[in-house]
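# Observations on the model geometry
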Amino acid sequence: MESLDQRLVSSWFHGHSSVPPTYVQPLESRPGCRFMSPSCMSIPVIDLGDRHNDRADTIKHILKASEQYGFFQVINHRVSKDLVEETLNVFKEFRAMPPKEKVNECSKDPIGRCKMYTSSENYEKDAIKYWKDSLTHPCPPSGEYMQYWPDKPTKYREVVGKYTQEMRKLGHEILELLSEGLGLDPSYFHGKLSKNPQVLQHHYPPCPEPSLTLGIAKHRDTSIITILLQEQDVQGLQVLKDGEWLRVDPIPNAFVVNIGLLLQVISNGRLVGAEHRVVTNSTMARTSVAYFIYPSLKTIIEPAQCLLNNGTTLPMYKSMPFGEFRTSFLAKFPKFEEELRFKWKNVNDAR
Ligand SMILES: O=C(O)CCC(=O)C(=O)O
Ligand SMILES: [Fe+2]
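Residues numbered from 1 in each chain as written. Chains lettered and ligands numbered in written order. Predicted model: local features only at pLDDT ≥ 70, side-chain atom pairs only at ≥ 80, totals over all residues. Heavy atoms only, no water.

If you check an unreviewed UniProt entry, the chain appears there as Fe2OG dioxygenase domain-containing protein from Lotus japonicus. Per UniProt, the comment on the chain under Sequence similarities (unreviewed entry) is "Belongs to the iron/ascorbate-dependent oxidoreductase family." (UniProt positions renumbered as here; feature names shortened; annotations may be inferred.)

Encoded structure:
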């Protein structure tokens, strides 16, 4: 059997003028133009540094974007441009290392929380594979697990350590705005709900037949929110809005933020954990870095009590510890969200 370093798309794609049959998506999943919106349509942009707007305005905009799209970009976020560049560079240096070395650098954690994989986390189960390689590890503020992170390139731990601390601050700032908008305490997400952040870097090599493949299948994130850094000049991310795929084009010095399924549940369905996917292209490799805000495994995920107005509003979702949520999501995807929903026949049945 092939080893992981041999399976990585980046190890073998050179010199292929067509994609192997196992990478050809069924017709209905292919990234055709049929459902593509005009490129003038885009997700909202939230200016976090806008001194002309007051906080109430920013909250109004961010809430509207989260209700209508579940996706937005943030600009003027105060994360240093140099640090963002250094982070992308360190991941690109990682991506250029020999395959065996990459896999070795990600295989130090005895229980596999720091790891590399190709296609998806479920490679064996993926009947059709995805055109990407990924590297992931926890990045809690305590610094725990850092000894299992890659230590090549030499600056990896220093740079990714600083970057994930900045993401934590930015994540809290965004969650404070969303909390205030929803009517929750501004610090609602500061404790166990954001205790287990995870970083996930994707490398999508150029693909000889982009119209037949996908980098990531249509999915929702199982996070509270996700903050994504995408390379300038390489398009790939798309979000499903009203039945059409909308491109999320990179804009300078911005992060893409999306609402995860957990926040959809906590907000009792008010905010949308939107479906998204990644398409490939034939000329340029693409790197993206996702920072997921996750709770600790025992944290109960359920609609926030204070949004149920003392029992006068029905909860739309069942309660579940995050650990169980993750396991069920992976086992039952894509039907999980449906199962999580209460199906009240009428209001009186519920009481
Ligand atoms: O690479 C991207 O642009 C998106 C990645 C993503 O959706 C994910 O990691 O969940
Ligand atoms: Fe995602």
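And the narrative resumes.
## Considering the coordination of the iron ion (ligand 2)
Distances from the iron ion (ligand 2) to its protein donors, His219 (NE2), Asp221 (OD) and His276 (NE2), fall within 2.1 to 2.2 Å. Of note, the donors binding the iron ion (ligand 2) are all from one chain and are spaced H-x1-D-x54-H. Histidine 219 gets classed as buried once you look at its relative accessible area, which sits at 17%. For aspartate 221, a relative accessible area of 5% translates into the label buried. (Donors = N, O, S within 2.8 Å, 3.2 Å for Na, K, Ca; no water. Buried < 20%, exposed > 50% of the residue type's maximum accessible area, 1.4 Å probe, protein only.)

## Some thoughts on the layout of surface pockets
Its volume calculated, the second largest pocket comes out at about 290 Å³. In this structure, the second largest pocket is lined by 16 residues; those nearest its centre are Val84, Glu85, Leu88, Gln232 and Asn253. For the lining of the second largest pocket, the elements supplying multiple residues, two or more each, are α4 (81-95) and β7 (225-230). For the lining of the second largest pocket, the element with the most residues is α4, which contributes six residues. When its residues are assigned to classes, the lining of the second largest pocket shows seven nonpolar, five polar and four charged. (1 Å grid on protein atoms, 1.4 Å probe; cavity = no way out; pocket = protein on both sides within 12 Å on 5 of 7 lines; lining within 4 Å. Points joined across faces, edges and corners; volume = space filled by probe spheres on them. Helix = DSSP H or I, 4+ residues; strand = E, 2+ residues; numbered from the N terminus. Nonpolar A, V, L, I, M, F, W, Y, C, P; charged D, E, K, R; others polar.)

## Focus on the sheet that holds β7
By way of backbone hydrogen bonds, the strands of a sheet pair with one another, either parallel or antiparallel. Taken together, eight strands build an open sheet; the order of strands is β1-β2-β10-β7-β12-β5-β4-β3 and the sheet is mixed. Only two strands of the sheet have a single neighbouring strand rather than two, namely β1 (45-47) and β3 (115-118). Averaged over all neighbouring strand pairs, the angle between strand axes comes to 25°, with direction disregarded. Where β7 and strand β10 (residues 255-259) come together, four bridges link them in antiparallel fashion. Residue pairing across strands places isoleucine 225 opposite isoleucine 259, the latter belonging to β10. The strands touched by α4 are β3, β4 (133-138), β5 (198-204), β7, β10 and β12 (286-292); relative to β12, the strand with the most contacts, the crossing angle is about 115°. Running at roughly 130° to β7, helix α6 (residues 156-182) makes contact with β2 (71-75), β4, β5, β7, β10 and β12 of the sheet. (Pairing = 2+ DSSP bridges. Axes fitted to C-alpha atoms, helices over the stretch in contact; angles between N-to-C directions. Contact = heavy atoms within 4.5 Å.)

## Quick word on the confidence of the model for the chain
Taken as a whole, the chain shows an average pLDDT of 92; of its residues, 95% reach a score of 70 or greater. Confidence metrics for the complex model read pTM 0.95 and ipTM 0.99. (pLDDT = per-residue confidence, 0-100.)

## Observations concerning the UniProt feature "domain: Fe2OG dioxygenase" (unreviewed entry) in the chain
This chain's UniProt record puts "domain: Fe2OG dioxygenase" (unreviewed entry) on residues 195-295. For the annotated span residues 195-295, helix accounts for 6% and strand for 41% of the residues, and the straight-line distance between the end C-alpha atoms is 5 Å.

## Points about the nonpolar core
One finds Leu178, Ile225, Phe255 and Leu263 to be the most contacted residues of the largest nonpolar core, which totals 85 residues. In terms of residue count, the dominant contributor to this core is α6 (11 residues). Excluding residues within four positions of it along the chain, isoleucine 225 makes contact with Gly171, Ile174, Leu175, Leu178, Val257, Asn258, Ile259, Gly260, Leu263, Tyr291, Phe292 and Ile293. Core analysis: the next-biggest nonpolar cluster, separate from the first, contains seven residues, Phe13, Val19, Trp131 and Leu212 among them. (Core = buried A, V, L, I, M, F, W, Y, C linked by side-chain atoms within 4.5 Å.)

## Some remarks on empty space enclosed by the protein
Summed over the entire model, instances satisfying the criterion amount to three cavities of 30 Å³ or more. Computed from the structure, the largest cavity encloses a volume of approximately 80 Å³. The wall of the largest cavity is formed by Lys218, His219, Arg220, Leu261, Glu275, Phe329, Phe333, Pro334, Lys335, Phe336 and Glu337. Those elements that place two or more of their residues in the lining of the largest cavity are β6 (216-219) and α9 (336-340). Class assignment for the residues of the lining of the largest cavity results in five nonpolar, one polar and five charged.

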